[in-house]
Each structure stands twice: as C-alpha cells, then as structure tokens.
Amino acid sequence: MKVSGFAIARNVVKADYPIGEALKSIAPLCDEIVVAVGNSDDNTRDYILGLGLKQLKIIDTIWDDELREGGRVLADETNKALSATDPNSDWCFYIQADECIHEDDIERISTSMNKYVNNESVDALLFDYRHFYGSYDYIGDSRKWYRKEIRIIRQGRGIKSWKDAQGFRSKNNEKLRVVSTGARIFHYGWVKHPKHQQIKQKQFHRLWHDDSKLEKMVTNKEEFDYSTIDSLQKFQETHPQLMRERINAQNWKFDVDPSRKNFTLKTWFLYYFEKITGIRIGEYKNYKLIK
C-alpha cells in the first residue's frame, strides 16, 4: 500500500500556522508529502524545506486572488497539490496547515487504510474533529462546528477538493462514500495569540470577500476578540505530542466560563438534545457514511 500526503501553504509563518506539526503528524503514514507553496511575502517556502521531511515534494504555485467567492482559491490550490501526488498511490492523505493528528491514532488510521484498500465501494475515510478555540484548553461544542470530515481519499477516481477545501466530492460533484476511521483531527485554527489571529482573519476573509466587505467584517483592531463565542467546553483529552512545545510556549491568557452559553431558545433546545442523544438535528454531511 502506498500513501501520498498533500497540503497547501501560503504566508503560514506570518500568521503562525502550525504547519510543521501538521506535516510531521502525517509523515509516519506517508510515502511522499506534496506541499503546494503559494506565492508568499514571508519565508514560507524556506520554513517548509527546513522541516527536514524526507518525503517532502514542493510545488510552487501562484494563487488566483480573483477566486474570492466562497473561498474557491483554497480548493483550487488543494487540487494542484493533489494533482502532483503519485498516481500509483492507493490513498491520499490531506492535512490543512492548522490541523494535526494524534500519535495514538496512527495505528488506527493505518489499519483503516489497509482494511479498505481493496474495497472498491469505499471512496474515502472519515475523521472526528476537535475544534480548539481561544486557548488549547477549550473546544467549540456548538452546532457551528462540523463534527466529522473527510481527510483520506482514494487515488485515481477524479476526486476533487470542494468549495472552500473543507471536504471533497467526486468528479461528478457527488458525495463520497466513506467509512469512519474513529481517528481524530485536532483543529487549531482558532488558537493563536490574539495578534496572530487578527492577521489570520484578514488573510482568510480576503479569500472570501472583496475589499469593501472585508473592511466591515474584520476590524482594524490589533488583536482578535475571542469573547463572542457561543459555547465552549473544557478539553479533557491529550494533545498530540508534536503540539506540546507550542502549547507550553503559549503567551496569552484566555479567561472564559464554559458554563455560560450565548444561545437563542431554539439553539438551547438543539444543543441539549444533541448532548443527551448524540444526534444533531439537521446536521449537514458532505459525505455518505456506509459503515
């Protein structure tokens, strides 16, 4: 079995993305790791090269900054990286610059890939998400956070990144048939020093909106305001070992009372119904779970 990892990167140093940890976390499972490095105004390319990954393959790309609607440029760049992976691979493992897998899940992921590599009914493998917010001690637990998403896809079926690169679709724009790995993706996109988070927000929203709307959505404040979140809960598991140094170096304080919620009456009902039953009413799923 052969596995290709793939990712995209642009201005990741300036916005303090943990892409080094992300790429290293999937390295034990990958025979190659393709990173599409976009035109950056920091030393992103040198940083990626400096990680010392023996499987690394860099392709240099130019982002089309006109593809703002719906974050389409993110999918466009992701597809460039995917297209550069070895066509002889069985699986392609996608990781975003602010994600990481846990070393405890490596065997589980490997087992899933081996188990389904010859099962033609399976297009992709599904992961459970942990979305951190404000600090490494809290995760978002409201309906605004997606609970599961595809991160491993089968090679050679014309599968492409979809919309803003959160997930994938078939070449005919159909949902993929997936099985769950039971493994976790640790998403750290909302855990940065407030100054770095503000920089990231300006970069991110520029991929979605024109300049006039961008000015309304992202203030000129120097630091991001984390206080507007609707619901958080204390994180009770362990972080990936690769993230420990970054976590220990955290140099900002995030004070929050997770018992306080910012919900409408309807959202209160849906929140507690999900907590009691595990069912999310009306949950959007960009995949077809077959097992």
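Right, let's walk through the structure included here. (Residues numbered from 1 in each chain as written. Predicted model: local features only at pLDDT ≥ 70, side-chain atom pairs only at ≥ 80, totals over all residues. Heavy atoms only, no water.)

### Focus: the overall build of the protein
The condition that has to hold: Only runs of H or I of at least four residues qualify as helices and only runs of E of at least two qualify as strands under DSSP, and these elements are numbered from the N terminus. Atoms counted for the radius of gyration: C-alpha only. Globule rule: 2.2 Å times the number of residues to the power 0.38. Note on classification: 1.4 Å probe, protein chains only; a residue is buried when its accessible area is under 20% of the maximum for its type, exposed when over 50%, partly exposed between these limits. The contact criterion used throughout is that any non-hydrogen atoms of two residues lie within 4.5 Å. Areas reported here follow the Shrake-Rupley algorithm with a probe of radius 1.4 Å; residue values treat only the protein chains shown as occluding. For the purpose of counting charges, residues Lys and Arg are taken to be positive, whereas Asp and Glu are taken to be negative. His and the chain ends are not included. We put the charge of a Lys on NZ, of an Arg on CZ, of an Asp on CG and of a Glu on CD.
On a plain count of helices and strands, the protein comes out with 8 helices and 13 strands. On C-alpha atoms alone, the protein measures out to a radius of gyration of 19 Å, which is about the 19 Å that the 2.2 N^0.38 rule sets for 291 residues. In terms of overall dimensions, the protein has C-alpha extents of about 50 × 45 × 35 Å along its principal axes. Out of the 291 residues in the protein, the part that is buried amounts to 53%. Nonlocal contacts in the protein, meaning residues at least 24 apart in sequence, comprise 78% of its contacts between residues at least 6 apart. For the protein, the computed accessible surface area is about 14400 Å², with 48% contributed by carbon and sulfur atoms. Positive and negative charge centroids in the protein, built from 47 and 43 side chains respectively, lie 5 Å apart.

### Focus: helix α8 (residues 265-277)
The test is simple: To estimate the expected span of a helix, subtract one from its residue number and multiply by 1.5 Å. The arc in question is the one traced by the directions running from the helix axis out to the C-beta atoms.
Here α8 is 13 residues long and its end C-alpha atoms lie 18 Å apart, about the 18 Å a rise of 1.5 Å per residue gives. Among all positions of α8, only Leu270, Tyr271 and Glu274 are buried. Buried residues of α8, viewed axially, fall in a sector of 100°; they line one side. Looking at α8, the residues exposed on the side facing more than 90 degrees away from the buried face are Leu265, Phe269 and Ile276. Of the residues trailing α8, Gly278 is marked for its positive phi of about 80°.

### As for the nonpolar core
We count it as follows: To define a nonpolar core, start from buried Ala, Val, Leu, Ile, Met, Phe, Trp, Tyr and Cys residues and group those joined through side-chain atoms within 4.5 Å.
Grouped together as the largest cluster of nonpolar side chains are 37 residues, with contacts concentrated most on Leu23, Ile48, Trp91, Phe93 and Ile109. Elements supplying a minimum of two residues to this core: β1 (3-9), α1 (19-26), β2 (32-38), β4 (91-94), α4 (106-116), β6 (124-133) and β11 (177-190). Setting aside residues up to four positions removed in sequence, Phe93 forms contacts with Val3, Ser4, Gly5, Phe6, Ile26, Leu29, Cys30, Ile101, Ile109, Phe127, Arg151 and Ile152. Among the nonpolar cores identified, the runner-up in size contains 25 residues, and Ile59, Ile159, Phe168 and Val178 belong to it.

### Observations regarding the pattern of salt bridges
How we decide: Whenever a carboxyl oxygen of Asp or Glu lies within 4 Å of a side-chain nitrogen of Lys or Arg, that contact is scored as a salt bridge.
The tally for this structure, following the rule as stated, stands at 20 salt bridges. Here Glu237 makes a salt bridge to Arg184, at a shortest N to O gap of 2.6 Å. Residue Glu237 is located in the loop between β12 (232-234) and α7 (244-248), and its partner Arg184 is located in strand β11; the two are separated by 53 residues in the primary sequence. Residues joined by salt bridges that share partners form a network here, namely Asp105, Arg108, Arg130, Arg184 and Glu237.

### Some thoughts on α1
In an α-helix, one full turn covers 3.6 residues, which means residues spaced three or four apart are oriented alike. Of all the 8 residues making up α1, 7 are buried; the element is thus mostly covered by neighbouring parts of the structure. Every buried residue of α1 is listed here: Ile19, Gly20, Glu21, Ala22, Leu23, Ser25 and Ile26.

### Quick word on the packing of aromatic side chains
For clarity, the cut-off: Any two of the Phe, Tyr and Trp rings considered here, Trp counted by its six-membered ring, make a pair once their centres fall within 6.5 Å; the pair's planes then place it as stacked at under 30 degrees, edge-to-face at over 60, or tilted in between. Each ring is checked for a lysine NZ or an arginine CZ that lies within 6 Å of its centre and within 35 degrees of its normal; such an atom marks a charge sitting over the ring.
Under the defined criterion, the tally for this structure stands at 25 aromatic pairs. Between the NZ or CZ atom of Lys144 and the centre of the ring of Trp145, over which it lies, the distance is 5.6 Å. One cation-aromatic arrangement involves Lys192 over Tyr17; the distance from NZ or CZ to the ring centre is 4.2 Å.

### Here's the deal with the side chain of Ser170
Turning to its location among the elements, Ser170 is positioned in the loop between β10 (167-169) and β11. Under the relative-accessibility criterion, Ser170 is labelled buried at 18%. Dropping the residues within four chain positions of it, Ser170 is found in contact with Gly158, Ile159 and Leu176.

### Considering unusual backbone geometry
Among all residues except glycine, the phi angle is most often negative; among peptide bonds, the trans geometry is most common. Phi is positive for Asn11, close to 55°, though the residue is something other than glycine. Residues other than glycine seldom take positive phi values, yet Ala165 does so here, at roughly 75°. Locating Ala165 in the fold gives a position in the loop between β9 (160-162) and β10.

### What about the pairing of strand β3 (residues 56-61)?
Consecutive side chains along a regular strand alternate between the two faces of the sheet. Note the cut-off: For two strands to be treated as a pair, DSSP must find at least two bridges joining them. By convention a crossover is right-handed if, when the strands point away from the viewer, the path from the first strand over the helix to the second runs clockwise.
Sheet analysis places β2 next to β3, joined by 6 bridges and oriented parallel. In the strand pairing of β3, Val35 is matched with Ile58. At this point the chain moves from β2, through helix α2 (residues 44-49), to the parallel β3, and the crossover so formed is right-handed.

### Looking at the environment of Asp42
So the rule is basically this: Two N or O atoms count as a polar contact when they lie within 3.5 Å, although within protein this holds only if one can serve as hydrogen donor and the other as acceptor, and sequence-adjacent residues are included solely when both atoms are side-chain atoms.
With respect to the helices and strands, the residue Asp42 is situated in the loop between β2 and α2. The spatial distance from the C-alpha of Asp42 to the C-alpha of Glu174 is 38 Å, given a sequence separation of 132 residues. Non-local contacts of Asp42, meaning those with residues more than four positions away in its chain, are made with Asn11, Val12, Val13 and Lys14. One polar contact links Asp42 to Thr44, side chain to side chain, over a distance of 2.6 Å.

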